Amino acid sequence: MTDATPRKRLLIRTWGCQMNVYDSARMADVLAPLGYAPTEQVEEADMVILNTCHIREKATEKVFSDLGRLREAKRQRGGEMVIAVAGCVAQAEGAEITARAPWVDIVLGPQSYHRLPEMVARASRAAGAVIETDFPAEDKFDHLPETAAPQGVTAFLTVQEGCDKFCSFCVVPYTRGAEYSRPVAAVVAEAQRLVALGARELTLLGQNVNAWHGEGPDGRAWTLGRLVRRLAEIPGLARIRYTTSHPRDMDDDLVAAHGDPPALMPFLHLPVQSGSDRILKAMNRGHTADDYRRLVDRLRAARPDLALSTDIIAGHPGESDADHAATLALIRDTGFAQAFSFKYSARPGTPAATMAGQVDEAVKDARLAEIQALLRDQQTAFNRSRAGMVAEVLVTGPGRHPGQMAGRTPWLNPVHFDGPESLAGQVVPVKITAGHPNSLSGVLVAPVHAPARERPAA
Ligand code: 5AD
Ligand code: SF4
């Protein structure tokens, strides 16, 4: 962009998973050369992108209520606002969006973000909406510009997209398409770039990240464990995480990687969805509750301080009181440091939506409440169990109060402690003084390294 390029304002609203957070950043990168700079204010936005989530009905409905508000904002600007709907709702419901909200200019699915500049140009000429929701054969990653925006201390890196698992309840295989793994060279190059921009912690992203099998320089498919070990060699990269995993794809190599390299953090999000074998079968998960328990044992053998997180669905079709009790038992047996739990939501086009034995809303509510109470207790107990430990904390930036800094433990807990701003980006020892339901408090333990020694050479 030259100085003569008119400044335009871009507002991106993001729903859903971390993949969408990453995609939103890439859309901002693609539009920057056209003169679009970020804004948080809808009144001054020349373009608004809603990056949407289709996973549950509630998330989808929020998009339509937001579009209603945007219609008014666009009218107040005399129509001078490009409105784009991106993400999985766009992919799944493109036609419905343009029918229900004809003031939308662009509808684009998750595989089409590299085409945004061309679509913006077409939208300025077109009478109706410009729609792009095919799964193009070409790889969008090859067509997206390199990350340009300054990154924080923690950054996301998408290594895998799509899913071939077809869990009975899930729209992802339909909205994000078949599994695709980025090659090793592309991932390593992006990781190096992010570290050069200041990232100390990378989270590798994929809908089914541990199914990643990208092509290595030798022309052969690598495992995710091998990729993690390769990334751990990057100077200045202190921490690696990955999400979201499927229990079926936790191979021996990846389990072993939790023991070494140390850069792989002792925290794993491993959705189980249910503790009942009958329901796991109906969900097409491809494993039993005991398979999951055994996998957790193997992981903890490799890394004894591993903290686990999971996803649970309450009220999948066919779920009985006994099945629900089995889910509670699995949660009790495993002990989660964190978890997400949801009421089953029927998604059009998925097998579960038309299964017999749909569960009553009130029953779903009651089961979810019970699951959430148990998970909340486990999370609080886990956080309290950190008190008295000295944790290696990656300092992410200033805290809420003056003189306070914020960071995260290896187990992903947010921590607050008093310290100078110069600590940002360093990994420092912090003695945990208290565990709260959602965060920890601590005090800095000497010695503190000078920032210069902690920074990467690049
Ligand atoms: N209803 C409720 N929860 C769902 N999830 C996915 N699809 C549905 C659905 N139809 C949950 C799963 C998944 C998480 C991202 O969202 O637990 O792991
Ligand atoms: Fe959806 Fe199952 Fe694929 Fe996860 S593994 S994205 S829940 S189909």
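What comes next concerns the included structure. Here the structure is a predicted model, which means the values were calculated and not measured. Here the residue numbering is sequential within each chain, running from 1 through the sequence in written order. Each chain takes a letter, starting from A, and each ligand takes a number, starting from 1, following the order in which they are written. Local features in this predicted model are restricted to residues of pLDDT 70 or higher, and side-chain atom pairs are both shown and tallied only at a pLDDT of 80 or more, whereas totals for entire chains, interfaces and linings draw on every residue. Based on all heavy atoms of the structure, the side-chain values leave hydrogens and waters out of the count.

1. Looking at the sheet that holds strand E6 (residues 130-132)
If you walk across this open sheet you meet the six strands as E2-E1-E3-E4-E5-E6, and the pairing is parallel. Looking at the sheet topology across the chains shown, the edges are occupied by strand E2 (36-38) and E6. Each strand axis lies, on average, 20° off the axis of its neighbour in the sheet, ignoring direction. As paired elements, strand E1 (residues 8-14) and E2 share three bridges and run parallel to each other. By the bridge assignment, Lys8 is partnered in E2 with Tyr36. Strand contacts of helix H2 (residues 57-76): E1, strand E3 (47-52) and strand E4 (82-86), with the helix running at about 175° to E3, the strand carrying the most contacts. Two strands qualify as a pair provided that DSSP identifies no fewer than 2 bridges between them. Secondary structure elements follow DSSP: runs of H or I no shorter than four residues count as helices, runs of E no shorter than two count as strands, and numbering proceeds from the N terminus. Here an angle of 0 to 180 degrees is reported between the N-to-C directions of two axes, which are lines fitted to C-alpha atoms, with helices fitted over the stretch in contact. The criterion used for residue contact is that any of the two residues' heavy atoms lie within 4.5 Å.

2. Digging into the site of ligand 2
Cys163, Lys165, Phe166, Cys167, Phe169, Cys170, Val172, Pro173, His246 and Arg285 make up every residue found near ligand 2. Here the residues of the shell around ligand 2 sort into seven nonpolar, one polar and two charged. Here a residue counts as near a molecule or strand whenever at least one of its heavy atoms sits within 4 Å of it. Classification used: nonpolar for Ala, Val, Leu, Ile, Met, Phe, Trp, Tyr, Cys and Pro, charged for Asp, Glu, Lys and Arg, polar for all others including Gly.

3. What about the side chain of His54?
Of note, His54 is situated in the loop between E3 and H2. Two N or O atoms form a polar contact when they lie within 3.5 Å of each other; inside protein one atom must be a possible hydrogen donor and the other a possible acceptor, and for residues adjacent in sequence the pair counts only when both atoms belong to side chains. Engagement of the side chain of His54 in a polar contact is seen with the side chain of Glu93, the distance being 3.0 Å.

4. Topic: the packing of helix H12 (residues 321-334) against helix H13 (residues 361-385)
Remark: H12 packs on H13, axes separated minimally by 10 Å, with the N-to-C direction vectors making an angle of 10°. One way to sum up the angle between H12 and H13 is to call them roughly parallel. Contacts from Asp321, His324, Thr327, Leu328, Ile331 and Arg332 of H12 reach H13 at Arg367, Glu370, Ile371, Leu374, Leu375 and Gln378. For the contact of H12 with H13, a count of residues per class yields five nonpolar, three polar and four charged. Between 65 and 115 degrees an angle is taken as roughly perpendicular, under 35 as roughly parallel, over 145 as roughly antiparallel, and anywhere else as oblique.

5. A closer look at the environment of Ile55
One can find Ile55 in the loop between E3 and H2. On the basis of relative accessibility, which here comes to 27%, the residue Ile55 falls in the partly exposed class. C-alpha of Ile55 to C-alpha of Ala329: the two residues are 274 residues apart in sequence and 26 Å apart in space. Once residues lying within four places of it in the same chain are set aside, the contact partners of Ile55 are Cys170, Val171, Val172 and Arg347. When accessible area is computed with a 1.4 Å probe and restricted to protein chains, residues below 20% of their type maximum are described as buried, those above 50% as exposed, and intermediate ones as partly exposed.

6. Quick word on the pairing of strand E17 (residues 414-418)
Across five bridges, strand E16 (residues 404-408) lies against E17 in antiparallel orientation. Bridge assignment links Gly407 to a residue of E17, and that residue is Val415. Taking the residues between adjacent antiparallel strands as the criterion, E16 and E17 are bridged by five residues, where Leu412 takes a positive phi near 75°. As defined by bridge partners, E17 adjoins strand E19 (residues 440-444) across two bridges and the pair is classed as parallel. Bridging across to E19, His416 finds its partner in Ser441.

7. Side note on the site of ligand 1
In the vicinity of ligand 1, the contacting residues are Ile55, Arg56, Phe169, Gln273, Asp311, Ile313, Phe342, Lys343, Tyr344, Ser345 and Arg347. Here an oxygen atom of ligand 1 and a side-chain polar atom of Gln273 are 2.6 Å apart. At a separation of 2.6 Å, an oxygen atom of ligand 1 approaches a polar side-chain atom of Asp311. Residue burial considers only the protein chains on display, and all accessible areas are found by Shrake-Rupley using a 1.4 Å probe. Look at ligand 1: alone it shows 400 Å² of surface, and the protein chains cover 87% of it. Across the shell around ligand 1, the residue classes break down as five nonpolar, two polar and four charged.

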